[in-house]
Amino acid sequence: MAEPEKVYQCQTVNCGCLYDPDRGDRRRKIPKNTDFNELPEEWCCPVCGATKRRFRPLTGPGSVKDEHQ
């Protein structure tokens, strides 16, 4: 798994899907080592269909954890 600040989590209710750049997204033909910011704008969550805007990094600037501190 990539470093936590590079892993993004879907923030929709009942989802929580993780986008890990070390794995990519085989369903959407996103190759391994593709950074979240390099994903096409039309990319969506493979579990619930949420847009990229619904994802936040696990840690670091812009993360949910960062907002609660």
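Only a predicted model underlies this, so the values are computations on that prediction, with no experimental measurement involved. (Residues numbered from 1 in each chain as written. Predicted model: local features only at pLDDT ≥ 70, side-chain atom pairs only at ≥ 80, totals over all residues. Heavy atoms only, no water.)

1. What to know about the environment of Ile 30
In plain terms, the rule: Under the scheme used here, helices are H or I runs from DSSP no shorter than 4 residues and strands are E runs no shorter than 2 residues, and both carry numbers assigned from the N terminus. Working definition: with a 1.4 Å probe on protein chains only, accessible area under 20% of the residue-type maximum means buried, over 50% means exposed, and in between means partly exposed. It only takes one pair of heavy atoms within 4.5 Å for two residues to be counted as in contact.
Turning to its location among the elements, Ile 30 is positioned in the loop between β2 (18-19) and β3 (55-57). On the basis of relative accessibility, which here comes to 10%, the residue Ile 30 falls in the buried class. Through-space distance from the C-alpha of Ile 30 to that of Trp 43 is 9.3 Å; in sequence the pair is 13 residues apart. Contact partners of Ile 30, with chain neighbours within four places excluded, come to Tyr 19, Gly 24, Asp 25, Leu 39, Pro 40 and Trp 43.

2. Focus on the confidence of the model for the protein
Short version of the rule: Scored from 0 to 100, pLDDT records how confident the predictor is in each individual residue.
In this model, the protein carries a mean pLDDT of 91, and residues with pLDDT of at least 70 account for 91%. When mean pLDDT is taken per element in the protein, β2 scores highest with 98 and helix α1 (residues 64-67) scores lowest with 64.

3. Observations concerning the packing of aromatic side chains
For the record, the criterion: Two aromatic rings, drawn from Phe, Tyr or Trp (for Trp, its six-membered ring), form a pair once their centres lie within 6.5 Å of each other, and the interplanar angle then sorts them: stacked below 30 degrees, edge-to-face above 60, tilted otherwise. Definition used: whenever NZ (Lys) or CZ (Arg) falls within 6 Å of the ring centre and also within 35 degrees of the ring normal, the charge is taken to sit over that ring.
By the definition in use, this model includes 6 aromatic pairs. Each ring, one from Tyr 8 and one from Phe 36, has its centre 4.0 Å from the other, and the planes form 10°; the classification is stacked. In this pair, Tyr 8 is assigned in strand β1 (residues 8-10) and Phe 36 in the loop between β2 and β3, connecting sequence segments 28 residues apart. As far as burial versus exposure is concerned, Tyr 8 and Phe 36 are alike and both buried. Here the aromatic cluster, defined as three or more aromatic residues joined through ring pairs, consists of Tyr 8, Tyr 19, Phe 36, Trp 43 and Phe 55. We note Lys 52 situated over the ring of Phe 36; from NZ or CZ to the ring centre the distance is 5.3 Å.

4. Here we look at the sheet that holds β3
The following threshold applies: Criterion used throughout: strands pair if DSSP finds at least two bridges between them.
Strand order in this open sheet of 3 strands is β2-β1-β3, and the pairing throughout is antiparallel. In this open sheet, the two strands that pair with only one neighbour each are β2 and β3. By the bridge criterion, 2 bridges tie β1 to β2 in an arrangement that is antiparallel. Counterpart to Tyr 8 in the pairing with β2 is Tyr 19.

5. What to know about the layout of surface pockets
Filter applied, for reference: Using a 1 Å grid laid over the protein atoms alone, points where a 1.4 Å probe fits but cannot get out form a cavity; open sets with protein on both sides within 12 Å along at least 5 of 7 lines form a pocket; any residue with an atom within 4 Å of a point counts as lining. Grid points are joined across faces, edges and corners, and a volume is the space filled by probe spheres set on the points. By the convention adopted, Pro, Cys, Tyr, Trp, Phe, Met, Ile, Leu, Val and Ala count as nonpolar, Lys, Arg, Asp and Glu as charged, and the other residues, Gly among them, as polar.
When its volume is computed, the largest pocket comes out at roughly 340 Å³. Taken together, 13 residues line the largest pocket, and the ones lying closest to its centre are Leu 18, Arg 23, Gly 24, Asp 25 and Arg 26. Each residue belonging to the lining of the largest pocket can be placed in one class, and the counts come to 6 nonpolar, 1 polar and 6 charged.

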